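Observations on the model geometry
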Amino acid sequence: MSVMTAADHRIPQEHANNLADPAAYADRRIHDTYRWLRRNEPFGVADIEGVDPFWVATKHADILEISRQNDLFHNGDRNPVLTSQVADKKVREMMGGSPHLLRTLIHMDAPDHLKYRALTQAWFMPQNLKKLEDRIRVIARSAVERMAAKGGECDFVNEVALHYPLHVIMEILGVPETDEPRMLKLTQELFGATDPELSRQADKPPEERQIDFSVITDFFEYFRRLSEARRQNPTEDLASVIANSKIDGNPISDFEAMSYYIIVATAGHDTTSSSTAGALWALAENPAEFKKVKADLSLCAALVDESIRWTTPVKTFMRTATADTEVRGRAVKQGDWLMLCYASGNRDEEVFEAPDIFQVDRKPNKHLAFGYGAHLCLGQHLAKMEMRILWEELLPRLESVEINGEPAMSQAFFVNGPKRLPIRFKMA
């Protein structure tokens, strides 16, 4: 295949603009764009006003191939989240030239990434999580009881889905239950910075709302106090592990410790909440699928995978090429920015039969929602266990469910999911 230049593969402006438009992810126009791109321009260049040009990978195979080559496609050379030129300039001015407001696992490459990942990896492995299963089931039963007490109507997102995984990860981390509302609000403000309903700075222009320094500052202030307490009096929680961690024999910096807390505290529940709500939304709209899984609870694990594929809470990540290379026969130059569109890969017609249909017994289900390669999601086993346990507890009691109002998705092109899901239901 001949090598093409970027100029030969410009994405039509309407579709390019959708890729950076938070509203397109809320009203699901993004799936029309993904469908068009997979068919017509599966690896093309988006050139959008106010944003540096970037390649767009929409096919399952290309996303896998790029994710597999961690030395060739870096996370940390530029922002791993799509960022406007205005926001990027502001961050670099604040951070002494660095494009990163935080230094978490998603901002790192080898060798640091593996070293920092190893600090907490054991906590999230299946053998350790098995010890937590009974406790998670107690929390799940409590969530089901709260739902039952709603009297047949509730907003499933804000009254159930948000709170269950939040309580699990905060208990693991060591955050007191009384502080969970604060953690939830900060998480929503961080991931919902581009959503007028969730952002602290809705009065600012969209390109400036992408980065909210005040939310990061509030997170740092909270976790700095927690970290100091755990250094003085370590306990058995994850906060103590992070607070007392060492890399190459030296304590990790305050900045890196605070960043670590934030990624665990936010990614550890928000994406799970979204997939859980996305599943109930789909089940309410597909009564036959609801009956199928209710009649056979052994399908709960498959339901979990399908809900993760269907919702794909982490929509995109960016990578930066470290050398000249080719993707799909097209010349990618050193320093080029690439967008991995996981939600598109998860509806690739070459990989998934009837990808736009929700199937609780879909098999195989090779979704990309947890990423691939070195950056495979650290908490994937915990997320899947939490969701499976919740369905095992909820489905035997849930006799019927239907949409009761207007559901809504958050306006965000990085982490996005249901923000309202009004339902009517009957429970035994």
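Scroll up a little and you will see the structure.
1. Overview of the packing of helix α16 (residues 270-285) against helix α17 (residues 287-295)
Following both chains from N to C, one finds α16 and α17 inclined at 110 degrees, their axes separated by 5 Å at the closest point. One way to sum up the angle between α16 and α17 is to call them roughly perpendicular. Listed contacts from α17 to L283, A284 and E285 of α16 are P287, E289, F290 and V293. Per-class residue counts for the contact of α16 with α17 are five nonpolar, no polar and two charged.

2. Things to note about the packing of helix α11 (residues 180-191) against helix α13 (residues 213-232)
Taken N-terminus to C-terminus, the directions of α11 and α13 make an angle of 145 degrees; their axes are 10 Å apart at the nearest point. Regarding α11 and α13, the two cross each other, and that crossing is left-handed. Of the residues in α13, those in contact with R182, M183, L186, T187, E189 and L190 of α11 are V215, I216, D218, F219, Y222, F223 and R225. The class makeup of the residues in the contact of α11 with α13 is eight nonpolar, one polar and four charged.

3. Section: the sheet that holds strand β4 (residues 153-155)
Reading across from one edge, β4-β14-β11 is the order of the three strands in this open sheet, with antiparallel pairing throughout. Each having just a single partner strand, β4 and β11 (398-403) make up the two edges of the open sheet. Strand after strand, the sheet turns through a mean of 30 degrees between neighbouring axes, direction not considered. One ladder, built from five bridges, connects β11 with strand β14 (residues 422-427); its direction is antiparallel. Paired with E402 across the strands is R424, a residue of β14. In the packing of helix α8 (residues 133-148) onto the sheet, contacts are made with β11 and β14, and the angle to β14 comes to roughly 100 degrees.

4. Focus: the nonpolar core
Membership of the largest hydrophobic core comes to 91 residues, with the highest contact counts inside it found for F156, L173, F223 and W391. With residues up to four places along the chain from it excluded, the contact list for F156 reads M147, A161, T276, A277, L280, L394, L421 and I423. The next biggest cluster of nonpolar side chains, apart from the first, holds 22 residues, and it includes F43, I66, L340 and Y342.

5. Observations concerning the packing of aromatic side chains
Under the counting rule described, the total for this entry stands at eleven aromatic pairs. With 4.7 Å between their ring centres and 5 degrees between their planes, F43 and W55 make a pair best called stacked. Taken together, the residues F43 in strand β1 (residues 43-46) and W55 in strand β2 (residues 54-57) connect sequence positions twelve residues apart. You'll find F43 and W55 in the same group, each marked buried. With centroids separated by 6.1 Å and ring planes inclined at 55 degrees, the aromatic side chains of F220 and F255 adopt a geometry described as tilted. Of the two residues, F220 sits in helix α13 while F255 sits in helix α15 (residues 254-267), which places them 35 residues apart along the sequence. Take F220: its relative accessible area is 12%, and that puts it in the buried class. Lying over the aromatic face of Y116, R103 brings its terminal NZ or CZ to 5.9 Å of the ring centre. Over the face of the ring belonging to W310 we find R347, whose NZ or CZ atom lies 4.2 Å from the ring centre.

6. Digging into α16
The terminal C-alpha atoms of α16, which comprises 16 residues, lie 23 Å apart, in line with the 22 Å expected from a rise of 1.5 Å per residue. Where burial is concerned, most of α16 is hidden: 15 out of the 16 residues are buried.

7. Remarks on the pairing of β2
Residues F54 and V56 point to one face of β2 and W55 and A57 to the other, with burial holding for every one of them. Pairing of β1 with β2 involves four bridges; the strand directions are antiparallel. Of the residues in β2, the one forming a bridge with F43 is A57.

8. Observations regarding empty space enclosed by the protein
Enumeration according to the criterion identifies four cavities of 30 Å³ or more in this entry. Taken as a whole, the second largest cavity holds about 170 Å³ of empty space. If you go around the second largest cavity, you meet 17 residues; those closest to its centre are L198, D270, S274, S410 and P418. Of all the elements in the fold, those that place two or more residues in the lining of the second largest cavity are α9 (156-161), α11, α16 and β13 (418-420). A per-element tally of the lining of the second largest cavity places α16 first, with four residues.

9. A short note on the pattern of salt bridges
Following the criterion strictly, the structure yields 42 salt bridges and no others. One salt bridge in this structure joins R362 and E306, with 3.1 Å as the shortest N-O distance. Taken together, the positions of R362 in the loop between α19 (342-345) and α20 (380-394) and E306 in helix α18 (residues 300-311) put the pair 56 residues apart, joining distant regions of the chain. Summarising the burial analysis for this pair, R362 and E306 share the class buried.

10. Structural notes on the sheet that holds β1
Here five strands make up an open sheet; going across it, the order is β1-β2-β10-β7-β3 and the pairing mixed. Because the sheet does not close on itself, it has two edges, and the strands there are β1 and β3 (73-74). For β2 and strand β10 (residues 337-341), the ladder comprises three bridges, and the chain directions are parallel. Paired with A57 across the strands is L340, a residue of β10. This element, helix α4 (residues 60-68), spans β1, β2, β3, β7 (316-321) and β10 of the sheet and lies at about 125 degrees to β10.

11. Some remarks on the pairing of β10
When you tally the buried positions in β10, you get five out of five residues, the bulk of the element. Every second residue of β10 is oriented toward a common face, with W337, M339 and C341 on one face and L338 and L340 on the other, all of them buried. Pairing geometry for β7 and β10, over five bridges, is antiparallel. Paired with R319 across the two strands is L338, which belongs to β10.

Cut-offs and rules
Residues numbered from 1 in each chain as written. Predicted model: local features only at pLDDT ≥ 70, side-chain atom pairs only at ≥ 80, totals over all residues. Heavy atoms only, no water. Axes fitted to C-alpha atoms, helices over the stretch in contact; angles between N-to-C directions. Helix = DSSP H or I, 4+ residues; strand = E, 2+ residues; numbered from the N terminus. Parallel < 35°, antiparallel > 145°, perpendicular 65-115°, else oblique. Contact = heavy atoms within 4.5 Å. Nonpolar A, V, L, I, M, F, W, Y, C, P; charged D, E, K, R; others polar. Left-handed = near helix turned anticlockwise from the far one by under 90°. Pairing = 2+ DSSP bridges. Core = buried A, V, L, I, M, F, W, Y, C linked by side-chain atoms within 4.5 Å. Buried < 20%, exposed > 50% of the residue type's maximum accessible area, 1.4 Å probe, protein only. Phe/Tyr/Trp six-rings, centres within 6.5 Å; stacked < 30°, edge-to-face > 60°. Lys NZ or Arg CZ within 6 Å of the ring centre and 35° of its normal. Expected span 1.5 Å × (residues − 1). 1 Å grid on protein atoms, 1.4 Å probe; cavity = no way out; pocket = protein on both sides within 12 Å on 5 of 7 lines; lining within 4 Å. Points joined across faces, edges and corners; volume = space filled by probe spheres on them. Salt bridge = Lys/Arg side-chain N within 4 Å of Asp/Glu carboxyl O.

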